[in-house]
Amino acid sequence: GFRVYPIPEGFEGITAVQAHDAAVEQGGLSQMLLWFSLAEVFDLIAVVQMLEGSGRAPGDFGLDGGFLKGKSAAEIETMKLKEITHCRLAMFAFSGVVTQAVLTQGPFPYV
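The rules behind each value
- Residues numbered from 1 in each chain as written.
- Predicted model: local features only at pLDDT ≥ 70, side-chain atom pairs only at ≥ 80, totals over all residues.
- Heavy atoms only, no water.
- Helix = DSSP H or I, 4+ residues; strand = E, 2+ residues; numbered from the N terminus.
- Rg over C-alpha atoms; globule rule 2.2 N^0.38 Å.
- Buried < 20%, exposed > 50% of the residue type's maximum accessible area, 1.4 Å probe, protein only.
- Areas by Shrake-Rupley, 256 points an atom, 1.4 Å probe, with all protein chains shown as cover.
- Lys, Arg positive; Asp, Glu negative; His and termini not counted.
- Charge placed at Lys NZ, Arg CZ, Asp CG, Glu CD.
- Patch = residues over 30% accessible without salt bridge, like charges linked within 9 Å, V, L, I, M, F, W, Y side chains within 5 Å.
- Salt bridge = Lys/Arg side-chain N within 4 Å of Asp/Glu carboxyl O.
- Polar contact = N/O pair within 3.5 Å; in protein donor to acceptor, adjacent residues only side chain to side chain.
- Contact = heavy atoms within 4.5 Å.
- Expected span 1.5 Å × (residues − 1).
- Phe/Tyr/Trp six-rings, centres within 6.5 Å; stacked < 30°, edge-to-face > 60°.
- Lys NZ or Arg CZ within 6 Å of the ring centre and 35° of its normal.

Caption draft 1: Just the overall build of the protein, in detail. When you go through the protein residue by residue, the secondary structure sums to 3 helices and 0 strands. Order of helices (α) and strands (β) in the protein, N terminus to C terminus: α-α-α. Expected size for 111 residues packed as a compact globule is a radius of gyration near 13 Å; at 20 Å, the protein overshoots this value by more than 25%. Projected onto its principal axes, the C-alpha positions of the protein cover 50 × 30 × 25 Å. Looking at the protein residue by residue over its 111 residues, the buried ones come to 8%. Of the roughly 9400 Å² of accessible surface on the protein, 67% is carried by carbon and sulfur atoms. Distance between charge centroids for the protein: 13 Å, based on 7 positive and 12 negative side chains.

Dropping the structure here:
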């Protein structure tokens, strides 16, 4: 898995599940909550503009980098379906990793 060197104090020899609690105690997760909350404020501004008729589609933050320019409507719909399918699969995979980590209380590969 991904490793950070040097390992921060308090994170030596702990499992993935214990790392969550250690990060809460250390304050790292509180900082992440702060920054993600700030990002959600900007998201709320975009949603309000969309509801007021800006023409923006739900979930469209203009971050496609021009990848969809010149594509037909059918190709764009196909790409949207692929994005939804792959994101849902990734969420299921992550939930499986978390479940295995909690059930086994051991290190990766959780067997």
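Having put the structure on the table, let's press on.
Caption draft 2: Fine view of a nonpolar patch on the surface. Side chains of Leu-34, Trp-35, Leu-38, Val-41, Phe-42 and Ile-45 sit close together on the surface and give an oily, nonpolar patch of about 630 Å² of accessible area. Counting through the fold element by element, Leu-38 comes out in helix α2 (residues 28-51). Exposure remark for Leu-38: the relative accessible area of 38% places this residue in the partly exposed category.

Caption draft 3: Layout of the pattern of salt bridges. Under the defined criterion, the tally for this structure stands at 1 salt bridge. With a closest N to O distance of 3.8 Å, Glu-77 and Lys-80 form a salt bridge. Linking Glu-77 with Lys-80, this pair stays in helix α3 (residues 73-104), spanning 3 residues, or about one helical turn.

Caption draft 4: Summary view of the side chain of Arg-56. Structurally, Arg-56 is set in the loop between α2 and α3. Of the side chains with opposite charge, Asp-43 comes closest to the buried, unpaired Arg-56, at an N-O distance of 4.7 Å. Within the structure, Arg-56 has its side chain in polar contact with the backbone oxygen of Ala-46 (distance 3.5 Å). If near-sequence neighbours (up to four positions away) are discounted, Arg-56 is found in contact with Ala-46, Val-47, Met-50 and Phe-61.

Caption draft 5: Structural context of α3. Between the first and last C-alpha of α3 there are 47 Å, a value that for 32 residues agrees with the 46 Å anticipated at 1.5 Å per step. Of the residues flanking the end of α3, it is Gln-105, one or two places downstream, whose phi is positive at about 55°.

Caption draft 6: Here's a closer look at the packing of aromatic side chains. Enumeration over the complete set of coordinates arrives at 0 aromatic pairs. In this structure, Lys-71 packs its charged tip against the face of Phe-67, placed 5.4 Å from the ring centre.

Caption draft 7: Structural detail: α2. Its 24 residues place the ends of α2 35 Å apart at the C-alpha level, agreeing with the 34 Å of an ideal helix rising 1.5 Å per residue. Among the residues trailing α2, Gly-53 stands out with phi positive, at a value near 95°.

Caption draft 8: Molecular detail of the side chain of Thr-15. Note on placement: Thr-15 falls in the segment before α1 (16-26). Given a relative accessible area of 16%, Thr-15 falls into the buried group. Each residue touching Thr-15, except ones within four places of it in the same chain, is listed here: Gln-105 and Gly-106.

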